[in-house]
Amino acid sequence: MNRAARDRDDRHPKPVKRIELLEKYPKARLALTIVLILVGVCALGYSLVSFMTADSGWTTIEADSSEASCSDELVFQYYLGAGELSATAEKKAVSALYTELARSAYQLFHTSQGFGGVHNLYYINRHPNEEIEVDDMLYEAFSMLEKYGNRAVYLAPVYVQYDNLFGCHDDVETAAFDPYQNEEITQYFAEVTSFAEDKGAVDVQLLGNNTVRLYVSDAYLRYAAENGFSDYIDFYWMKNAFIVDYIADTMKANGFVMGSVSSYDGFVRNIDSTSDMEYGFNLFDRVGGSVYQAAVMRYRQAMSIVYLRNYPANGSLDWQHYYEFRNGEIRTAYIDVADGYCRSAVNNLVAYSQESGCAEILLQVMPVYIRDYFAPEKLAEPAREGIYSIYCENNQILYNDAALVLTDLYDDGNGVRYRAVYSGN
């Protein structure tokens, strides 16, 4: 999935010069050699024992890198040794399961590659109007999209153009892909979104028993052929919300309940439902060209958090979903299904819940966030279902959860100072 090309270095090391040593004191040299070998063996043994033995407490779990997976976009931290297993045995079990889940999720959401025996998005897109049995995870994801009437998954042809835009290295390149600059792209997006919004043109039909049919009308099939694309569905920037839920829920189902999995693009699932540890989530606010750490959200036990922002903050990966122009304008992956334009009603929005997962939170707040004007009153309905929100405005941190605890409010002593304001439901 990575479009970045690896730089090659064709330089070769200089030949090693061979130096002849005078053989003097051979017995002493032999004894010294034996001692050094013994020291080396002991050191190697100690290193292996240290590597194979895990300490109790928080550690970052790494997925096996021998297979492609989505773990490069995730951080999975786990508190070892709190259960019945030893820390070493628990780390081995958690690492193995995490590796399997990260690999499976990577394959299922892939749109440009097929995998043997895997009916993923790539496979579904290439078999329109056929009944296909899919993995539980994908079926549940499609079911949730249908529940909330979210049609963003059908913007696949639009996402391709944004991928091209985000991959640009200079502003002059962007005009070929940016609807704000290119009338031809604007017209193309208008045509694609007219199909994407219409269930009579394209729709993932849920047939039960994990079976789906990607219905595509004859008119849309012809349009796709004329315009050279074959992808009709893509979770794109939303995929990590579903992946984080998938990993968290499967870990819980297997008895591993002392961890937290998060993605670089703002989806967090803390699955600690047993301890009374306190956790913190940093809240940021963008004002013009500056980003402030406005406060810290404190919470205990299990929590799902969705953090939406209309600016890049993770230098190594955010190029996938953002492009910043020299004049400070920013394009994002938050695309409006109505016309294909990227929109964000507010610079930062954090939504969280102790009952709902990241995907459900996201689908409830997307209509509030991806629009031209911010309507905070529309956050009241999710709040009634236990999905609370935090946003910043005029150096105020506004929240609608009366039980929320905020600490470390920003104050630089020179006029930039944040205060917390309860906005009610």
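Shown above is the structure to which this text applies.
Just so it is clear, the model here is predicted, and its values are computed rather than measured.

**With respect to the side chain of Arg151**
Considering the arrangement of structural elements, one finds Arg151 in the loop between helix H4 (136–147) and helix H5 (156–166). When near neighbours in sequence (up to four residues on either side) are disregarded, Arg151 contacts Phe195, Ala196, Glu197, Asp198, Lys199, Val202, Asp203 and Val337.

**Comments concerning the pairing of strand E14 (residues 388–393)**
Each regular strand carries side chains that alternate between the two faces of the sheet. Two strands pair when backbone bridges link them, and strand E13 (residues 348–353) and E14 are joined in this way by four bridges, in the antiparallel orientation. Its bridge partner being in E14, Val350 is matched across the sheet by Ile390. Taken together, the four bridges between E14 and strand E15 (residues 396–399) define a ladder with antiparallel strand orientation. When the bridges of E15 are listed, Glu393 appears paired with Gln396.

**Quick word on helix H9 (residues 239–253)**
The terminal C-alpha atoms of H9 lie 21 Å apart, and with 15 residues this matches the ideal 21 Å at 1.5 Å per residue to within 8%. Of all 15 residues that make up H9, 12 are buried, and the element is covered over most of its length. All buried positions along H9 are accounted for by Lys239, Asn240, Ala241, Phe242, Ile243, Val244, Asp245, Tyr246, Ile247, Ala248, Thr250 and Met251. For H9, the secondary structure elements touched by its buried residues are strand E2 (74–80), helix H2 (87–108), H4, strand E6 (259–263), strand E7 (267–270) and helix H10 (358–369). Residue Gly255 follows H9 closely and has a positive phi angle near 85°.

**Some remarks on the sheet that holds E13**
Read across the open sheet, the nine strands follow the order E1-E2-E6-E7-E10-E13-E14-E15-E17; overall the sheet is mixed. Each of the sheet's edge strands pairs with one partner strand only, and the pair in question is strand E1 (57–61) and strand E17 (419–422). Ignoring strand direction, the axes of neighbouring strands in this sheet form an average angle of 15°. The sheet contacts of H10 involve E7, strand E10 (303–309) and E13, and relative to E10 the element is tilted by about 35°.

Analysis parameters
- Residues numbered from 1 in each chain as written.
- Predicted model: local features only at pLDDT ≥ 70, side-chain atom pairs only at ≥ 80, totals over all residues.
- Heavy atoms only, no water.
- Helix = DSSP H or I, 4+ residues; strand = E, 2+ residues; numbered from the N terminus.
- Contact = heavy atoms within 4.5 Å.
- Pairing = 2+ DSSP bridges.
- Expected span 1.5 Å × (residues − 1).
- Buried < 20%, exposed > 50% of the residue type's maximum accessible area, 1.4 Å probe, protein only.
- Axes fitted to C-alpha atoms, helices over the stretch in contact; angles between N-to-C directions.

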